[in-house]
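# Structural overview for review
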Amino acid sequence: MKKLAFLLCAAVLFSACASNRNILNEKMAKYPADKYLTKIASGQTKKEAKDAAVAELSKLFDGLAQDDSSQIRRDNIMSQIKAAQWWKNRQNKKYYAIAVLEREPALEVIKPYYAPIDGQLNNMAAKIAGESDKFVKLKYAVEMPAILAKREKLDAEYRRISFDGSAYNEENLYSYKSIYNKTFYDIKINAVLTGADDITVKTYLIDALNELGFGVGENLQTYDIELAMDTRIDKYASSTLDGLYWSTATATVALKDMATKGIFATFSETERVGSARGEEAKRRSLVAAGKKCAPIIKSKLIDYIQKK
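The paragraphs below set out a description of the structure included in this document. Worth saying up front: this structure is predicted, and the values here are computed from it rather than measured.

Let us look at the sheet that holds strand β2 (residues 82–88). Sheets are built from strands paired through backbone hydrogen bonds, the pairs being either parallel or antiparallel. One open sheet accounts for three strands, arranged β1-β3-β2; its pairing is antiparallel. At either margin of the open sheet sits one strand with a lone partner, and together these are β1 (36–43) and β2. Between one strand axis and the next, the sheet turns by 20 degrees as a mean value, whatever way the strands run. As paired strands, β2 and strand β3 (residues 95–102) are joined by six bridges and run antiparallel to one another. If you follow Trp-87 over to β3, its bridge partner there is Tyr-96.

A separate point is the packing of aromatic side chains. On inspection of all chains with the given rule, the structure shows nine aromatic pairs. Pairing Tyr-114 with Tyr-168 gives two aromatic rings, centres 4.8 Å apart and planes at 45 degrees, and the pair type is tilted. On the criterion of sequence distance, the pair formed by Tyr-114 in helix α5 (residues 114–129) and Tyr-168 in the loop between α7 (144–161) and α8 (170–185) is long-range, its members being 54 residues apart. Aromatic pair Phe-184 and Phe-214: ring centres 5.4 Å apart, planes at 65 degrees, arrangement edge-to-face. Of this pair, Phe-184 sits in helix α8 while Phe-214 sits in the loop between α9 (199–211) and β5 (215–217), and the two are 30 residues apart along the sequence. Overall, the relative accessible area of 0% leaves Phe-184 in the buried class. By relative accessible area, Phe-214 is classed as buried at 0%. Through a chain of ring-to-ring contacts, the aromatic side chains of Tyr-114, Tyr-158 and Tyr-168 assemble into a single cluster. The ring of Tyr-113 has Arg-73 lying over it, and the distance from NZ or CZ to the ring centre is 4.6 Å. Lys-188 extends its terminal NZ or CZ atom over the ring of Tyr-185, reaching a point 3.6 Å from the ring centre.

Attention now goes to the packing of helix α6 (residues 134–141) against α8. α8 packs onto α6 with a crossing angle of 140 degrees between their chain directions and a minimal axis gap of 9 Å. The pairing of α6 with α8 is recorded here as oblique in orientation. Between α6 and α8 the crossing geometry is left-handed. On α8, the residues that touch Lys-137, Leu-138 and Ala-141 of α6 are Tyr-180, Thr-183 and Phe-184. Grouping the amino acids of the contact of α6 with α8 by side-chain chemistry returns four nonpolar, one polar and one charged.

Its boundaries defined by the atoms lining it, the largest pocket holds a volume of some 160 Å³. Around the largest pocket sit Asp-67, Asp-68, Ser-69, Arg-73, Tyr-113, Pro-116, Ile-117, Gln-120, Lys-150 and Leu-154, which together line it. At the level of secondary structure, the elements contributing two or more residues to the lining of the largest pocket comprise α5 and α7. At three residues, the largest contribution of residues to the lining of the largest pocket is made by α5. Residue classes in the lining of the largest pocket are distributed as four nonpolar, two polar and four charged.

Thresholds, definitions, all that
Think of each chain on its own: its residues are numbered from 1, step by step along the sequence as written. It should be noted that, the model being predicted, local features are given only for residues of pLDDT at least 70 and side-chain atom pairs only at 80 or more, the latter also being counted only at that level, while totals for whole chains, interfaces and linings use all residues. Think of the side-chain values as coming from all heavy atoms in the structure, minus any hydrogens and water. Two strands are said to pair when DSSP picks up at least two bridges between them. Only DSSP runs of H or I reaching four residues or more are called helices, and only runs of E reaching two or more are called strands; each is numbered from the N terminus. The angle between two axes is taken between their N-to-C directions and runs from 0 to 180 degrees, where each axis is a line fitted to C-alpha atoms and a helix contributes only its stretch in contact. A pair of aromatic rings is counted whenever rings of Phe, Tyr or Trp (Trp by its six-membered ring) have centres within 6.5 Å, and the orientation is called stacked for planes under 30 degrees apart, edge-to-face for over 60 and tilted otherwise. For every residue, the accessible area (1.4 Å probe, protein chains only) is compared with the maximum for its type, and the residue is labelled buried under 20%, exposed over 50%, or partly exposed between those bounds. Charge-over-ring contacts are defined here by two conditions on Lys NZ or Arg CZ: a distance within 6 Å of the ring centre and an angle within 35 degrees of the ring normal. Oblique is the label for any angle not under 35 degrees, not over 145, and not in the 65 to 115 range, which are roughly parallel, roughly antiparallel and roughly perpendicular in turn. Each crossing is labelled by how the near helix is turned from the far one, with a counterclockwise turn of less than a right angle marking it left-handed and a clockwise turn marking it right-handed. The contact rule is simple, with two residues in contact once any of their heavy atoms fall within 4.5 Å. Only Asp, Glu, Lys and Arg are considered charged, only Ala, Val, Leu, Ile, Met, Phe, Trp, Tyr, Cys and Pro nonpolar, and every remaining residue, Gly among them, polar. In this analysis a 1.4 Å probe is tested at points of a 1 Å grid over the protein atoms alone, and where it fits but cannot get out there is a cavity; an open set with protein on both sides within 12 Å along at least five of seven lines is a pocket; lining residues have an atom within 4 Å of a point. Grid points are joined across faces, edges and corners, and a volume is the space filled by probe spheres set on the points.

Structure below.
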């Protein structure tokens, strides 16, 4: 009897689930995913179910950064959300509702906000294209990240709504970033690295600078900036703590403008690293000191170019 009762309960539950799934599929057929964003929720009353579904879909922009116009823009989009379908499940007596947001009208709310941002980026791109002096080009380019950051906030909203997760006029975004990257890459930096014999140290530093966008190498024939870096082990101890070997390395940097032959920036950075092996501690401390210099070099170079 117990087994029979269990089977009957299971059959009823399966029937309830199948029935609800069939109703859901029927209701959802009216709202294809390429045209609508949807959320489903349940409640003890029809109103509870509708309110819950709308509330779920209204979390669309949760976790995204905001700008000065975000709240107005998002409120406008949220006002388009509606509870479009509801039904009652006869087995569990619960109400279910579907909240929907039509993608295209929601995207139309965001599109006008791109105009001033893309206008600024177009202006910067035109200035860069019309300038022959690569340092002047870079002066314009350094203004682009702040503008791109504004666009990225819009892009994040747009991607949440667009069916394929793409940003608005994404090809333009790639174009702006390409112009920015090329402007930095055209500034050639010749690295003169001394003190550290380990080729890995040199590789890490040059890779770190290249990742920041510059065209960096050793023994370049023509270049705009000379980067002289001397890396030294200031302190190398035996096992001092928990079986670790500790090494402290210092990287000293000088940047020279090859057009004027003047050194425009000097600084030093120190890093202390521990390792179970002495040679590894030395290598890692040198690498860490060199890599720490990379963003500082970029900052010093940008400051110099902006003041030229």
